[in-house]
Amino acid sequence: MSESAGLPIDWRPGCSLAVLQKRAWMLARIRSYFERQRVMEVETPTLCHTIGTDPNLDFFSTELKFEGSSDDQILYLQTSPEYSMKRLLAAGSGSIYQICKAYRNGEFGRWHNPEFTILEWYRVGYDLDLLIEDINRLLGQALGLSRPGQESERISYRQAFIRHCGFDPLSAGIAEFINYCEQVGDLSALALCGNDRRLWQEYLFGLRVQPHLGKTGLCFVTNYPANQCAMARIRADDPRFADRIEVFYGGVELANGFGELNCEQEQRKRFQRDLKIRAETGKTLPPIDERFLAALAAGFPDCSGVAVGLDRLLMLLMNLSSLDEVLTFSLPRA
Amino acid sequence: MAIYSTNEFKGGLKVMFDGDPCSIIENEFVKPGKGQAFNRVRLRNLKNGRVIERTFKSGETLEGADVVDRDMQYLYNDGEFWHFMVVDTFEQYSADSNAVSDAVKWLKEQDVCVVTLWNGVPLSVAPPNFVELKIIETDPGIRGDTSGGGGKPATLETGAVVRVPLFVQTDEVIRVDTRKGEYVSRVKE
């Protein structure tokens, strides 16, 4: 690279030595926690033949080339290690965790970097209540995100929405969403969200609810609406909700967990629904991960799992305000 | 004009929004792990200076605005327009009172200002950060007071009124910081 306008090249890391040391401490703490808990560390590939179909996640792809062969294969950089880890669970691994890189195209800002570090773990036989306790022990106590005496909070998606927006996001008509935005002087929402209830929910939750969550400790939001189930089971006792939780701290989304869907047919339907949306919005259509579906069909254990953004966690542990300050070389420096 | 996507919205980028030229102040990428990506953007309307907050879906676009800042010398006011000239090329531009706006009280002939042009027409005028202007009227100071504490109002040759220390007198030339509208020092001629 050439020097531009005589300015010296900025080669230094974006983070301080103290941050590097804290990251090393954090990783060691996580590993010792899971060792005590007898959860096994695993590694799975970040470069795979298939990729998640989530219409809201853009991925990186590349070609595998063998010299002399014209038959290039497309490989995808993983947006999360979920499918591979679930194949291990189906193969009988028992509870497992992984610390790895994940890649999401087009995501960059104070809270996003296209390459980031995920901690993902699965607990066989755990329901979401037990998983919440587990997350509290690791993030709150072992890593010290909760200060002494600070209680973590638990609130349903619906309660949180009602508390901060004043109306029920499940029963309200679109007119109520529009009306609320007019009251608070939001001139963008109608053009953005139109008639799409899920988008209205996501928009208002992200901009009006989330900033208030986890101000006094970890906040667990439970019972997401079924239309935002991702890879969570729909609740058997009330199909309006999914067994999905999100963890917030200081208004920042830190982790996402599921009571894991273990039905191959339902998973296939969700893949197909995702691909339909991708097609409608002109996004590329990746192949469906048949190996993952076969693993579900082979018998997937009853389990709960969660993924934590470790770079964001480090940022919150150190009270910093952008990922650039906790990554060695964030996108512009990499 | 170029089209810019939300990921290109950087501070200072000039874009058209609701028919007016605007400058991007801040752009924050907001995206839940499992949801739609948005960009929360703050823009300044360059016509009236107002700050607007809008949220865009990531990937939405705005047309660029043909807005450029140029150094120009202030020439004179003909009663309706304020005339400016690019010193190197002698190109002249006339700005109306909307464009000159609050800068009017600092404009002294031959001072070099920054004139913002939109499609070749002056949109706004920024005076130099520091100007030297003569006091045309101020109360006589109290003898012996050199501290400057408190101060008194002084009317300058351009009509601006600034607070000056008590020892500063009518007909003296003072240096003023136009960004704060504050007295800086006396200027020895």
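Because the structure is predicted, anything quoted here is derived from the model rather than measured.

A. Inspection of the overall build of chain B at higher detail. The helix and strand inventory of chain B stands at 1 helix and 16 strands. In terms of C-alpha radius of gyration, chain B reaches 22 Å, well past the compact-globule figure of 16 Å for 189 residues. Taken over the C-alpha atoms alone, chain B extends approximately 75 × 40 × 25 Å along its principal axes.

B. Main features of the interface of chain B and chain A. In this complex, chain B contributes 14 residues to the contact, which on the side of chain A involves 19 residues. When contributions to the side of chain B that touches chain A are tallied by element, the ones reaching two or more residues are strand 3 (20-30) and strand 5 (51-57) of chain B. Partitioning the side of chain B that touches chain A into residue classes produces 5 nonpolar, 4 polar and 5 charged.

C. Spotlight on the nonpolar core. Ranked by size, the top nonpolar core spans 83 residues in total, and within it A:Leu119, A:Ile135, A:Val221, A:Val247 and A:Val308 carry the most contacts. Broken down by element, this core gets its largest block of residues, 6 residues, from helix 3 (residues 128-142) of chain A. Every residue in contact with A:Val308, bar those within four places of it in the chain, is listed here: A:Leu119, A:Leu254, A:Ala255 and A:Leu313. Grouped together as the second largest cluster of nonpolar side chains are 25 residues, B:Val100, B:Val115, B:Val131 and B:Val162 included.

D. Representation of the pairing of strand 10 (residues 112-118) of chain B within the structure. Residues and elements named next belong to chain B. Judged from the 7 bridges that link them, strand 7 (residues 67-77) and strand 10 form a sheet pairing that is antiparallel. Bridge assignment links Asp69 to a residue of strand 10, and that residue is Thr116. Pairing of strand 10 with strand 11 (residues 121-126) involves 5 bridges; the strand directions are antiparallel. Following the sheet pairing, Trp118 is matched in strand 11 by Val121. Turn length for the strand 10-strand 11 hairpin, with the two strands adjacent in sequence and antiparallel, is 2 residues, and the turn residue Asn119 shows positive phi of about 50°.

E. Just unusual backbone geometry, in detail. All names here are of chain B. Within the chain, Gln110 stands out as a residue other than glycine whose phi angle is a positive 80°. Within the chain, Asn119 stands out as a residue other than glycine whose phi angle is a positive 50°. Looking at where Asn119 falls in the secondary structure, it is placed in the loop between strand 10 and strand 11. Overall, Asn119 belongs to the exposed group, with 11 C-beta atoms counted inside 10 Å.

F. The arrangement of the sheet that holds strand 5 of chain B in detail. Residue and element names in this part refer to chain B. Read from one edge of the open sheet, 4 strands run 2-3-4-5, paired in antiparallel fashion. Edge positions in the sheet fall to strand 2 (14-17) and strand 5, since each has one partner strand and no second. If you compare each strand with its neighbour and ignore which way they point, the axes differ by 45° on average. Relative to strand 3, strand 2 is paired through 4 bridges, and the arrangement is antiparallel. When the sheet's bridge partners are listed, Val15 is paired in strand 3 with Cys22.

G. Fine view of the environment of A:Trp111. Position of A:Trp111 relative to the elements: it lies in the loop between strand 5 (96-103) and strand 6 (115-124). Once residues lying within four places of it in the same chain are set aside, the contact partners of A:Trp111 are A:Val252, A:Arg312 and A:Leu323.

H. Looking closely at the sheet that holds strand 12 (residues 130-138) of chain B. All names here are of chain B. In space, the 5 strands of this open sheet follow the order 14-13-12-15-16, with antiparallel pairing throughout. Edge strands, defined here as strands with exactly one partner in the open sheet, are strand 14 (161-164) and strand 16 (182-187). Averaged over all neighbouring strand pairs, the angle between strand axes comes to 50°, with direction disregarded.

I. Up close: the packing of helix 2 (residues 82-90) of chain A against helix 9 (residues 290-299) of chain A. Residues and elements named next belong to chain A. Contact geometry for helix 2 and helix 9: axes closest at 9 Å, N-to-C directions at 30°. Looking at the two axes, helix 2 sits roughly parallel to helix 9. Every pair of crossing elements has a handedness; the one defined by helix 2 and helix 9 is left-handed. Residues Tyr83, Lys86, Arg87 and Ala90 of helix 2 pack against Arg291, Phe292, Ala295, Leu296, Ala298 and Gly299 of helix 9. For the contact of helix 2 with helix 9, the class distribution of residues is 6 nonpolar, 1 polar and 3 charged.

J. Highlighting the pairing of strand 5 of chain B. Across 7 bridges, the pairing between strand 4 (residues 38-45) of chain B and strand 5 of chain B is antiparallel. Directly across from B:Asn39, in strand 5 of chain B, lies its bridge partner B:Phe56.

K. The arrangement of the packing of helix 4 (residues 157-165) of chain A against helix 7 (residues 197-209) of chain A in detail. Residue and element names in this part refer to chain A. Between helix 4 and helix 7, the shortest axis-to-axis distance is 10 Å and the interhelical angle comes to 60°. By the angle between their directions, the pair helix 4 and helix 7 is classed as oblique. Taken as a pair, helix 4 and helix 7 cross one another with a handedness that is left-handed. Counted together, Ala160, Phe161, His164 and Cys165 of helix 4 and Leu204, Phe205, Arg208 and Val209 of helix 7 form the full contact between these two elements. Class assignment for the residues of the contact of helix 4 with helix 7 results in 6 nonpolar, 1 polar and 1 charged.

L. Broad picture of the confidence of the model for chain B. Averaged over chain B, the pLDDT score is 92; the fraction of residues at 70 or greater is 95%. Across the interfaces of the predicted complex, the ipTM metric reaches 0.86, alongside a pTM of 0.86.

M. Region of interest: the environment of A:Arg163. Residues and elements named next belong to chain A. Topologically, Arg163 is positioned in helix 4. Judged by the 12 C-beta atoms lying within 10 Å of it, Arg163 is exposed. As a C-alpha pair, Arg163 and Val209 span 46 residues in sequence and 8.4 Å in three-dimensional space.

N. Inspection of the environment of A:Tyr83 at higher detail. Tracing the backbone through its elements, the reader meets A:Tyr83 in helix 2. Here the alpha-carbon distance between A:Tyr83 and A:Ala189, two residues 106 residues apart in the chain, equals 35 Å.

Analysis parameters
Residue positions within a chain follow its written sequence, with the count starting from 1. Labels are handed out in written order, letters beginning with A for the chains and numbers beginning with 1 for the ligands. Under the rules for a predicted model, residues below a pLDDT of 70 receive no local features and side-chain atom pairs below 80 are neither given nor counted, while totals for whole chains, interfaces and linings still include all residues. Helix and strand assignments follow DSSP, with helices taken as H or I runs no shorter than four residues and strands as E runs no shorter than two, numbered in order from the N terminus. Radius of gyration here is computed from C-alpha atoms only, and the compact-globule reference equals 2.2 Å multiplied by the residue count raised to the power 0.38. Placing C-beta atoms from the backbone, we regard two residues as in contact once those atoms come within 7 Å. Any residue outside Ala, Val, Leu, Ile, Met, Phe, Trp, Tyr, Cys, Pro, Asp, Glu, Lys and Arg is labelled polar, Gly included; the first ten of those are nonpolar and the last four are charged. Joined through C-beta atoms within 7 Å, a set of buried Ala, Val, Leu, Ile, Met, Phe, Trp, Tyr and Cys residues constitutes a nonpolar core. Residues with at least 20 neighbouring C-beta atoms inside 10 Å of their own are called buried, those with 12 or fewer are called exposed, and the rest are partly exposed, where every C-beta is derived from the backbone. Should DSSP find at least two bridges between two strands, the strands are taken to pair. What counts as an axis is a line fitted to C-alpha atoms, over the stretch in contact for a helix, and the angles between N-to-C directions run from 0 to 180 degrees. To sort the angles, those under 35 degrees are grouped as roughly parallel, those over 145 as roughly antiparallel, those from 65 to 115 as roughly perpendicular, and the leftovers as oblique. By convention the crossing between two helices is left-handed if the near helix lies anticlockwise of the far one by an angle smaller than a right angle, and right-handed if it lies clockwise. Known as pLDDT, the predictor's confidence for each residue is given on a scale from 0 to 100.

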